[in-house]
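Each chain is listed here by its residues.
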Amino acid sequence: MFDPSYLVLNAGMGLALGDMIVQLIAFLILIALVTKFAWRPLMNVMENRENHIANEIDQAENNRKESERLLKEAQDELKNTRQSASKIIEDAKLTAQNQQDSILEEARQEALRLKENARTEIEQEIDKAVKQLQDQVATLSVQIASKVIEKELSADEQDELIKEYLNKVGENK
Amino acid sequence: MDHGAPIVRDAFGISGLDFNLSNVLMILVTSTIVFILAVVFSRNLQQKPKGLQNFMEWIVDLVKNMINSTMSWKEGKQFLPLGLTLIFYIFIGNVLGIMFMVVYDGELWWKSPTADASITLTLAVLVVLLSHYYGLKMKGTGEYLKGYVRPVPFLLPLKIIEEFANTLTLGMRLYGNMFAGEVLLTLLVGVMASGFLGFVGGLIPTLAWQGFKLFISGIQAFIFVMLTMVYLSHKVSKDH
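Residues numbered from 1 in each chain as written. Chains lettered and ligands numbered in written order. Predicted model: local features only at pLDDT ≥ 70, side-chain atom pairs only at ≥ 80, totals over all residues. Heavy atoms only, no water.

### Regarding the overall build of chain A
- A tally of regular secondary structure across chain A gives three helices and zero strands.
- Scanning chain A from its N terminus toward the C terminus, one meets helices and strands in the order α-α-α.
- Total accessible area on chain A stands at roughly 14,000 Å², and carbon and sulfur atoms take up 58% of it. (Helix = DSSP H or I, 4+ residues; strand = E, 2+ residues; numbered from the N terminus. Areas by Shrake-Rupley, 256 points an atom, 1.4 Å probe, with all protein chains shown as cover.)

Shown next, in the form of structure tokens:
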């Protein structure tokens with residue numbers, strides 16, 4: 001059973017030139033075909049993925065930077081807005097204060113003016129009333145006098161008499 | 001048990017042109033299987049890999065790491081297809097002899113193609129020739145020749161011997177491993193075929209040896225490609 005001869009037979013006895021040629025040609029063809037149909041696409045896909053991942057990482061990094069920038073911008077914007085808002089409120093307060101002052105001032109002056117007008121009107125009224133009274137008093141006193149005296153007076157004497165009475169009225173006043 | 005090989009001597013009337021038809025058959029079978037596997041496994045390639053594509057990419061990374069461990073990726077990138085084809089071809093060739101062997105009409109037809117010195121040595125010669133070719137191409141003739149007298153000129157004879165020794169060891173290592181595996185497998189199967197007791201006694205060792213041979217097949221394919229990359233890098237790299 002343990003006959004070493006078939007081991008040698010199994011070895012195919014040394015080198016067969018034909019086999020070598022077949023092997024060489026077959027292997028070269030195999031390399032060419034497999035490279036074209038399998039390795040090349042496979043390597044391309046792997047390379048593409050590598051590039052894709054690298055791009056994605058770059059992009060993510062960029063996005064992060066961009067968002068950080070935007071956040072900072074927004075914060076600045078917010079700060080500016082707050083500042084301008086408080087400024088506007090301040091201005092409005094100031095304006096309101098001014099307006100209040102001016103309205104008060106106007107009102108005060110208006111009141112003063114009204115008071116003055118009223119006073120002059122009253123004085124005029126008083127003057128008018130006094131004059132009317134004087135006229136009436138003159139007429140009345142003439143009638144009274146003519147009734148009392150019942151005598152005709154010349155116009156000169158009458159005037160003199162009236163003036164005399166008037167002066168007396170004025171003194172009484 | 002006893003079987004010969006279907007050898008055709010002096011084919012086409014050319015003296016010395018011998019064909020071992022079983023080798024020719026197995027070379028074609030192995031090449032076809034490798035081609036079909038590679039193409040089928042590389043179908044439907046996607047950015048997001050799944051299933052078979054993951055397996056293929058694992059192999060690509062394996063060979064890539066071998067190249068990267070011996071030379072720079074810039075120099076070694078072009079050897080990736082060679083390494084991939086080699087590792088597939090040798091592994092499939094090795095494994096083909098594990099499952100069964102077919103003896104027809106007293107002649108052994110189905111076996112590992114790598115269990116034949118002609119085939120492994122052809123691969124080894126191809127690799128060494130490629131290393132010389134790429135050494136000449138990438139470093140220029142002067143630099144290539146200077147490689148033989150570096151670091152000291154009296155090493156020149158050793159360097160020349162080294163080239164042949166490399167070729168021989170590269171081919172013979174694979175051949176020896178695979179051939180020894182097949183011999184032992186043949187013996188074990190012979191024991192199993194000898195009778196009921198032989199079958200019972202030989203079953204466990206046969207299974208164990210088949211598993212171990214599968215392991216050796218992978219290891220030898222790995223070693224062959226690894227050494228290929230080492231030899232290529234010796235010729236190609238500038239820092240050697």
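Still more to cover.
### Focus: the nonpolar core
- Formed by 61 residues in total, the largest nonpolar core has its most connected members in Phe-27 and Trp-39 of chain A together with Phe-79, Leu-86, Ile-87, Phe-224 and Met-229 of chain B.
- Of the residues forming this core, the biggest block, eleven residues, is contributed by helix H2 (residues 17-149) of chain A.
- If we skip the residues at most four places from it in the chain, Leu-86 of chain B touches Phe-27 of chain A together with Leu-123, Val-127, Phe-224, Val-225 and Thr-228 of chain B.
- Counting six residues, the second largest nonpolar core, distinct from the first, contains Leu-121, Phe-179, Val-183 and Leu-187 of chain B. (Core = buried A, V, L, I, M, F, W, Y, C linked by side-chain atoms within 4.5 Å. Buried < 20%, exposed > 50% of the residue type's maximum accessible area, 1.4 Å probe, protein only. Contact = heavy atoms within 4.5 Å.)

### A few points about the pattern of salt bridges
- On inspection of all chains with the given rule, the structure shows 13 salt bridges over all chains.
- Salt-bridge contacts for Arg-108 of chain A lead to Glu-105 of chain A; the nearest nitrogen and oxygen are separated by 3.4 Å. Of this pair, Arg-108 of chain A and Glu-105 of chain A both sit in helix H2, three residues apart, which is roughly one turn of the helix.
- A salt bridge links Lys-213 of chain B to Glu-182 of chain B, with the nearest nitrogen and oxygen atoms 3.8 Å apart. One end of the pair, Lys-213 of chain B, is in helix H8 (residues 196-236); the other, Glu-182 of chain B, is in helix H7 (residues 156-193), and 31 residues separate them in sequence.
- Put simply, Glu-61, Arg-64 and Glu-68 of chain A are held in one network by salt bridges that share partners. (Salt bridge = Lys/Arg side-chain N within 4 Å of Asp/Glu carboxyl O.)

### With respect to the interface of chain A and chain B
- Taken together, the contacts link 42 residues of chain A with 54 residues of chain B.
- Of the roughly 4,200 Å² buried between chain A and chain B on both sides combined, carbon and sulfur atoms contribute 73%.
- Where chain A touches chain B, the interface holds two salt bridges.
- The residue Lys-77 of chain B makes a salt bridge to Glu-47 of chain A at a minimum N-O spacing of 3.8 Å.
- Between chain A and chain B we count five residue pairs in polar contact (both at pLDDT 80 or more) in total.
- Where the side of chain A that touches chain B is concerned, the elements lending two or more residues are helix H1 (5-10) and H2 of chain A.
- Sorting elements by how many residues they give to the side of chain A that touches chain B places H2 of chain A first, with 30 residues.
- Across the side of chain A that touches chain B, the residue classes tally to 28 nonpolar, eight polar and six charged. (Buried area = accessible area lost by both parts, 1.4 Å probe. Polar contact = N/O pair within 3.5 Å; in protein donor to acceptor, adjacent residues only side chain to side chain. Nonpolar A, V, L, I, M, F, W, Y, C, P; charged D, E, K, R; others polar.)

### Side note on the packing of aromatic side chains
- Evaluated as defined, the whole model comprises eleven aromatic pairs over all chains.
- With centroids separated by 5.5 Å and ring planes inclined at 85°, the aromatic side chains of Tyr-144 of chain B and Tyr-148 of chain B adopt a geometry described as edge-to-face.
- For Tyr-144 of chain B, a relative accessible area of 13% translates into the label buried.
- Members of the aromatic cluster, joined through ring pairs, are Phe-41, Phe-55 and Trp-58 of chain B.
- Just above the ring of Phe-37 of chain A sits the side chain of Lys-36 of chain A; from NZ or CZ to the centre is 4.8 Å.
- Seen from the ring of Tyr-148 of chain B, Lys-235 of chain B lies directly overhead, with NZ or CZ sitting 4.9 Å from the centre. (Phe/Tyr/Trp six-rings, centres within 6.5 Å; stacked < 30°, edge-to-face > 60°. Lys NZ or Arg CZ within 6 Å of the ring centre and 35° of its normal.)

### Notes on a nonpolar patch on the surface
Residues and elements named next belong to chain A.
- A contiguous nonpolar patch, built from Leu-17, Ile-21, Leu-24, Ile-25, Leu-28, Ile-29, Leu-33 and Phe-37 and spanning about 670 Å² of accessible area, is present on the exposed surface.
- Summarising the element assignment, Ile-25 is placed in helix H2.
- Take Ile-25: its relative accessible area is 48%, and that puts it in the partly exposed class. (Patch = residues over 30% accessible without salt bridge, like charges linked within 9 Å, V, L, I, M, F, W, Y side chains within 5 Å.)

### A word on the confidence of the model for chain A
Residue and element names in this part refer to chain A.
- Per-residue pLDDT for chain A averages 85, and the proportion of residues at 70 or more is 87%.
- Within chain A, H2 carries the highest mean pLDDT (91), whereas H1 carries the lowest (45).
- Taken as a whole, residues 1-13 scores under 50 in pLDDT and shows 25 contacts with residues more than four places along the chain or in a different chain. (pLDDT = per-residue confidence, 0-100.)

### Quick word on the environment of Ala-180 of chain B
Residues and elements named next belong to chain B.
- Structurally, Ala-180 can be placed in helix H7.
- With relative accessibility at 44%, the residue Ala-180 sits in the partly exposed group.
- Residues Ala-180 and Leu-17, 163 residues apart in the sequence, show an inter-C-alpha distance of 27 Å.

### A look at helix H2 (residues 52-70) of chain B
- Over its 19 residues, H2 of chain B extends 28 Å from the first C-alpha to the last, a length consistent with the 27 Å expected when each residue adds 1.5 Å.
- Regarding H2 of chain B, the residues found buried are Gln-53, Met-56, Glu-57, Ile-59, Val-60, Val-63, Lys-64, Met-66, Ile-67 and Thr-70 of chain B. (Expected span 1.5 Å × (residues − 1).)

### Some details on the confidence of the model for chain B
- Within chain B, residue pLDDT values average 84, and 93% of them lie at 70 or more.
- Overall fold confidence (pTM) sits at 0.70, and the ipTM for the predicted complex is 0.82.

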